[in-house]
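Per-entry structural report
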Amino acid sequence: MTVLFYNPAMAIQLRSYEPHDFAALHRLDQSCFLPGISYSKTTLRYFLTLGSADCVVALEENRIVGFVLSEENPPLAHIITLDVAEKQRRQGVGTAMLRQLEENLALRGVRSILLETATDNEAAVAFWKRHGYRIEATLKRYYLRQLDAYEMRKILPGAVAARPAKKEP
């Protein structure tokens, strides 16, 4: 196991997705989202096996307690989902996974990350805003053809190249 992050105060380890994680990730996604919003096994497997996918998994005592999944086409990436087990929420797990994912993406040339989140999920909207994501648009009836979503974006630090100073004539 490659440990990407370890914080003894949280006892959380981060590592990259491994195929044997699939069943646990699917169960976690089913517990985090309503039926129809959570991913089917087929859809989750599709995203995880994309050549452009990156998935950071959080473990506590060898038990998966979270994961964040993205796809990328540098300079743009899209966060597909971020899931944290209910008992581990508000303990820094999501933040740790997101930081690792953003670092991974930046190293591969990603400069802008998009995601969608339900407009009525105040905790999620606050989480994303706290991490530098800004609302760009409202997607009407995005979830289940009923619930609106915000499209949010973050420009990664260092993505804005310094412009050369104008030369005086």
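The model shown is predicted, which means the values in this text are computed figures rather than measured ones.

1. Comments concerning the overall build of the chain
Summing up its helical and strand segments, the chain has four helices and eight strands in all. The order of α-helices and β-strands along the chain, N terminus first, is β-β-α-α-β-β-β-α-β-α-β-β. Classification of the 169 residues of the chain by burial places 42% in the buried group. Across the chain, the fraction of contacts at a sequence separation of at least 24, relative to all contacts at a separation of at least 6, is 55%. As displayed, the chain has an accessible area near 10200 Å², and 51% of this comes from carbon and sulfur atoms.

2. A short note on helix α2 (residues 41–48)
Every buried residue of α2 is listed here: Leu44, Phe47 and Leu48. Down the axis of α2, the sector holding all buried residues measures 100°, keeping them to one side.

3. A look at helix α1 (residues 22–32)
An α-helical turn contains 3.6 residues, so a residue and the one three or four places further along point in the same direction. Considered for burial, the residues of α1 that qualify are Phe22, Leu25, His26, Leu28, Asp29 and Cys32. Buried positions in α1, seen along its axis, are confined to an arc of 165° and lie on one side of it. Exposed residues lying more than 90 degrees from the buried face of α1 are Arg27 and Ser31. Of the surrounding secondary structure, the elements contacted by the buried residues of α1 are α2, β3 (53–60), β4 (63–73) and β5 (76–84).

4. Some points on the pattern of salt bridges
Counted under the stated rule, the structure contains eight salt bridges. A salt bridge links Glu136 to Arg153; its shortest N-O distance comes to 3.0 Å. Of the two residues, Glu136 sits in strand β7 (residues 134–143) while Arg153 sits in strand β8 (residues 147–155), which places them 17 residues apart along the sequence.

5. Observations concerning the pairing of β5
Side-chain direction in a regular strand flips from residue to residue, so the side chains alternate between the two faces of the sheet. Most of β5 sits out of view: seven of its nine residues are buried. Here β4 folds back onto β5 in antiparallel fashion, the turn holding two residues. Judged from the three bridges that link them, β5 and strand β6 (residues 112–118) form a sheet pairing that is parallel. Looking at β6, one finds that Leu76 is bridged to Ser112. Of the crossover connections in this fold, the one passing from β5 over helix α3 (residues 93–107) to the parallel β6 is right-handed.

6. Some thoughts on the confidence of the model for the chain
Of all residues in the chain, 88% attain a pLDDT of 70 or more, and the chain-wide mean is 89. Strand β1 (residues 5–7) is the least confidently modelled element of the chain, averaging 51 in pLDDT, while β5 averages 97, the highest of any element. Between residues 161–165, whose pLDDT stays under 50, and residues either more than four places distant or in other chains, the model counts zero contacts.

7. Describing the environment of Pro74
Looking at where Pro74 falls in the secondary structure, it is placed in the loop between β4 and β5. Assessed through its relative accessible area of 40%, Pro74 is described here as partly exposed. Residues Pro74 and Ala106, spaced 32 residues apart in sequence, show a C-alpha to C-alpha distance of 9.0 Å. Filtering out sequence-adjacent residues up to four positions away, Pro74 remains in contact with Arg108, Gly109 and Val110.

What counts as what
- Residues numbered from 1 in each chain as written.
- Predicted model: local features only at pLDDT ≥ 70, side-chain atom pairs only at ≥ 80, totals over all residues.
- Heavy atoms only, no water.
- Helix = DSSP H or I, 4+ residues; strand = E, 2+ residues; numbered from the N terminus.
- Buried < 20%, exposed > 50% of the residue type's maximum accessible area, 1.4 Å probe, protein only.
- Contact = heavy atoms within 4.5 Å.
- Areas by Shrake-Rupley, 256 points an atom, 1.4 Å probe, with all protein chains shown as cover.
- Arc of directions from axis to C-beta.
- Salt bridge = Lys/Arg side-chain N within 4 Å of Asp/Glu carboxyl O.
- Pairing = 2+ DSSP bridges.
- Right-handed = clockwise from strand over helix to strand, strands pointing away.
- pLDDT = per-residue confidence, 0-100.

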